[in-house]
Amino acid sequence: MIRINDIVEKVSGYVPDADIGIIERAYIYSARVHEGQVRLSGEPYLSHPLEVAGILTDMKLDPESVAAGILHDVIEDTPATPEEIKDIFGPEVMHIVLGVSKLSSLSFGTSQARQAESIRKMFLAMADDIRVILIKLADRLHNMRTLQYHSPEKRREIAQETIDIYAPIASRLGIYRFKNELEETSFKYTHPQEFNRIDKLLNKSRTDREKYIEKVKSDLKAAMDAANLKCEVLGRVKNNYSIHNKMIAQDLPFEEIYDIIAFRIILDSVPQCYEALGLIHSLWKPIDHKFKDYIGRPKTNMYQSLHTTVIGPVGERIEIQIRTWEMDRVAESGIAAHWGYKEGKSPDENISRKFAWIQDLIENQENFLDPGEFLENVRIDLFPDEVYVFTPRGEVKTLPRGATPVDFAYMIHTEVGNQCTGAKVNGRMVPLPYELKTGDIVEIVTSKNHHPSKDWLNFVKTVKARSKIRHWIKVQETQRSLSLGREMCEKAFRKERLSFNNLVKSEKMRAIVEQFGFKTVDDLIANVGYGKITPLQVLRKFVPKGQETEADESIFNKLMGRVRKKKPGAGILVNGVDDILIRFGKCCQPVPGDPILGYITQGYGVTVHRTNCVNALRMNPERQIQVSWNQNANETYPVKIRIISQDRMGLLADLVGNISKAGANILNAKTETRENKMVDSFFTIGVEDTTHLDKILAAIRKIRHVQEVKRVG
């Protein structure tokens, strides 16, 4: 365990006149409030905040940040209060600690909602003070280092969240040291068999590979010395996660992945970097399409380096990065290398602009109330493989790869996006789904009478474009639903010789609106139009059940589709509506145990999707309806799975046998053998719930030569 003296010594080393007292006070306070608490490992709880502070000192953060790192859990896990933190350590430290704290004091309906709100709060705090996320990343990094003390299920859950959210954040902030460790540790727990398989394959040839690395390093150093270029040459094998991604992306087995060794040359100046590049290309033949100049065109996270891939001394591909010492420091620490918080000084405005994506992410997400939709959009924002395009005036705009002219239009202004009718790229008209490429000059054609199309949701890539299009559609559908809901209510009330238009202004109607949980009468009427509430439910508040005549529900039936009685033990319960036709989304094939939502479809009743289904997330949230699994149901549900394995005699028989032994019926099967002797097998099987599915997948993973098993959809 790191000691407080080590932390103080480190901070004094890079900030000689630092206020060390605030760190020492934080240590004493944290030790007092955490007294008696232990971690799952059995160590005193204080070891965790000290390790977090140690990681922050490696990034050379200011004393306030280090103190906040020591205190980051006190509000959540001890009786400490924000006011007490403010009194002892000042408003700045309190602000950071509050930003890092999770939302444990609030209650949410689901763990997904808790995760979404915690991440939403984290981004809000990031936009205000970037040090919040630096401490959060250090906290997650140490937690991942001690993940073995959790249960297997909890390990997978934490590791998946880390690889989905925290590793991409580290990447976007340019902190590659954090990114690589978070990805590698997460991969170890999300895909343990694949991790161990790659580890064994790397260990088999470790001695030969180390000799090869020394040989290439020696050749590179000799070439640089001959040109009087003072440098350091480093060589390493890429981590297991990176190799796994290459195998998947290139559709190749481990034996055919050649560029798994990377070399780095660090020099004193930018001209020396380009000179070194020329020397390497004269030494070994370069692969043209593998060259990238991130010095001339830095990544948005400030990363700079020259990347080239060459055919090395024994005919193998070698990846080489060339950079200066300053570029290497930025690549390791990212934003922390530039985010200089000094007394009386503000952060560099240029750096703030480079990370404006954090503010954009918050602004684009504030209208998304559904936690699944919010998390999906955060993931989209965190994985931008970027392209750089130009406005007609020559301004550079950064967009995610695959972005279209519509995405570009919404980046310029919401009204430009809403009124977009066409686009010129490099002077030529292109269709709106056209994928922009780096270097394109984009000009948007607009018309005042034009409006967004729902079809645009099928091809736009940015969250801003998607949110603005959906907002416009929602406004239009709300107006239509208000009109339809009013018509339906008037007809139902007329049957009872009541005037809906008169009653809608009454005190009783206002009370009924509150009973249904809405703020205004218009909200209630619109939900009748959406199909979430029937006119009969509203009418019964005025006329007791049994006294009303048979209200005409024909309009509602048209909206919901033909009605049929649910079979005894049917698997889905629709909250608030009886006897509705139920369908399951073929895109995601939900099964009991999956979080689900219903979507009212005109003419087809309610379609049930998994909450993280991409198609469900694109739909109008106003047409969502609460659904739940019937725990008493006794049914099986179809699920499609994909199995990747090496070909061998008896493979199919083993797959079928293990699926059958696990108690699942095979509804469909298809296998395909590739040229590299790898087999893709697709099975549609009938399962009872997610627990049953996990049991089947575990049984398949035990089969010899099976590399990966996953649910499709």
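Now for a quick tour of the structure. Keep in mind the model is a prediction, meaning the values are calculated, not measured. (Residues numbered from 1 in each chain as written. Predicted model: local features only at pLDDT ≥ 70, side-chain atom pairs only at ≥ 80, totals over all residues. Heavy atoms only, no water.)

Notes on the overall build of the protein chain
- In terms of regular secondary structure, the protein chain is built from 30 helices and 21 strands.
- In the protein chain, buried positions account for 50% of the 713 residues.
- Counting only contacts in the protein chain whose residues sit at least 6 apart along the sequence, the fraction spanning at least 24 positions is 67%.
- As presented, the protein chain carries roughly 34,900 Å² of accessible surface, and 49% of it is formed by carbon and sulfur atoms. (Helix = DSSP H or I, 4+ residues; strand = E, 2+ residues; numbered from the N terminus. Buried < 20%, exposed > 50% of the residue type's maximum accessible area, 1.4 Å probe, protein only. Contact = heavy atoms within 4.5 Å. Areas by Shrake-Rupley, 256 points an atom, 1.4 Å probe, with all protein chains shown as cover.)

What about the environment of C231?
- Position of C231 relative to the elements: it lies in the loop between α13 (206-226) and β1 (232-237).
- Sequence separation between C231 and I265 is 34 residues, and the spatial gap between their C-alpha atoms is 6.6 Å.
- Filtering out sequence-adjacent residues up to four positions away, C231 remains in contact with K221, M224, I265, I266 and L267.

Section: the sheet that holds strand β9 (residues 420-425)
- Pairing is antiparallel across the open sheet formed by three strands, whose spatial order is β10-β9-β11. For this open sheet the edge positions go to β10 (428-430) and β11 (442-446), each flanked by a neighbour on one side alone. Averaged over all adjacent pairs, the angle separating strand axes in this sheet is 35°, with direction ignored.
- The pairing of β9 with β11 spans five bridges and is classified as antiparallel. When the sheet's bridge partners are listed, A423 is paired in β11 with I444.
- Sitting on the sheet, helix α20 (residues 405-412) touches β9, β10 and β11, and the angle it makes with β11 is about 80°. (Pairing = 2+ DSSP bridges. Axes fitted to C-alpha atoms, helices over the stretch in contact; angles between N-to-C directions.)

Concerning the packing of aromatic side chains
- Counting across every chain of the model gives nine aromatic pairs.
- Ring geometry for Y29 and F89: centres 5.7 Å apart, planes at 80°, overall edge-to-face. One end of the pair, Y29, is in helix α2 (residues 20-33); the other, F89, is in helix α6 (residues 82-89), and 60 residues separate them in sequence. Neither Y29 nor F89 differs from the other in exposure class; each is buried.
- Ring geometry for F493 and F500: centres 5.1 Å apart, planes at 70°, overall edge-to-face.
- F493 gets classed as buried once you look at its relative accessible area, which sits at 0%.
- Relative accessible area serves as the criterion here: at 4%, F500 is assigned to the buried category.
- Ring pairing ties together the aromatic residues Y176, Y294 and Y303, which thus form one cluster. (Phe/Tyr/Trp six-rings, centres within 6.5 Å; stacked < 30°, edge-to-face > 60°.)

Looking at the pattern of salt bridges
- Applying the stated criterion to the full structure yields 22 salt bridges.
- Ionic pairing is found between R711 and D594, a salt bridge with its closest N-O pair at 2.6 Å. Of the two residues, R711 is situated in strand β21 (residues 706-712) and D594 in the loop between β13 (582-584) and β14 (596-601); the sequence distance between them amounts to 117 residues. Residues R711 and D594 agree in their burial class; the two are buried.
- Connected through shared salt-bridge partners, D62, E92 and R131 make up one network. (Salt bridge = Lys/Arg side-chain N within 4 Å of Asp/Glu carboxyl O.)

Observations concerning the pairing of strand β6 (residues 317-324)
- Across the eight residues that make up β6, a large majority, seven, are buried.
- Sheet topology note: the strand β2 (residues 261-267)/β6 ladder contains six bridges and is parallel. For A262, the partnering residue across the bridge sits in β6 and is E319.
- Where strand β5 (residues 306-311) and β6 come together, six bridges link them in antiparallel fashion. Pairing of H307 across the sheet is with Q321, part of β6.

Quick notes on the pairing of β5
- Counting buried residues in β5 gives five out of six residues, a clear majority hidden from the surface.
- Looking at chain direction, strand β4 (residues 292-293) and β5 are connected through two bridges and run antiparallel. Bridge pairing in β5 places K292 opposite H307.

Some thoughts on unusual backbone geometry
- One non-glycine residue, K60, lies in the positive phi region at around 60°.
- Turning to its location among the elements, K60 is positioned in the loop between α3 (47-58) and α4 (63-71).
- Owing to a relative accessible area of 54%, K60 belongs among the exposed residues under this scheme.
- Positive phi outside glycine occurs at N426, with the angle close to 55°.

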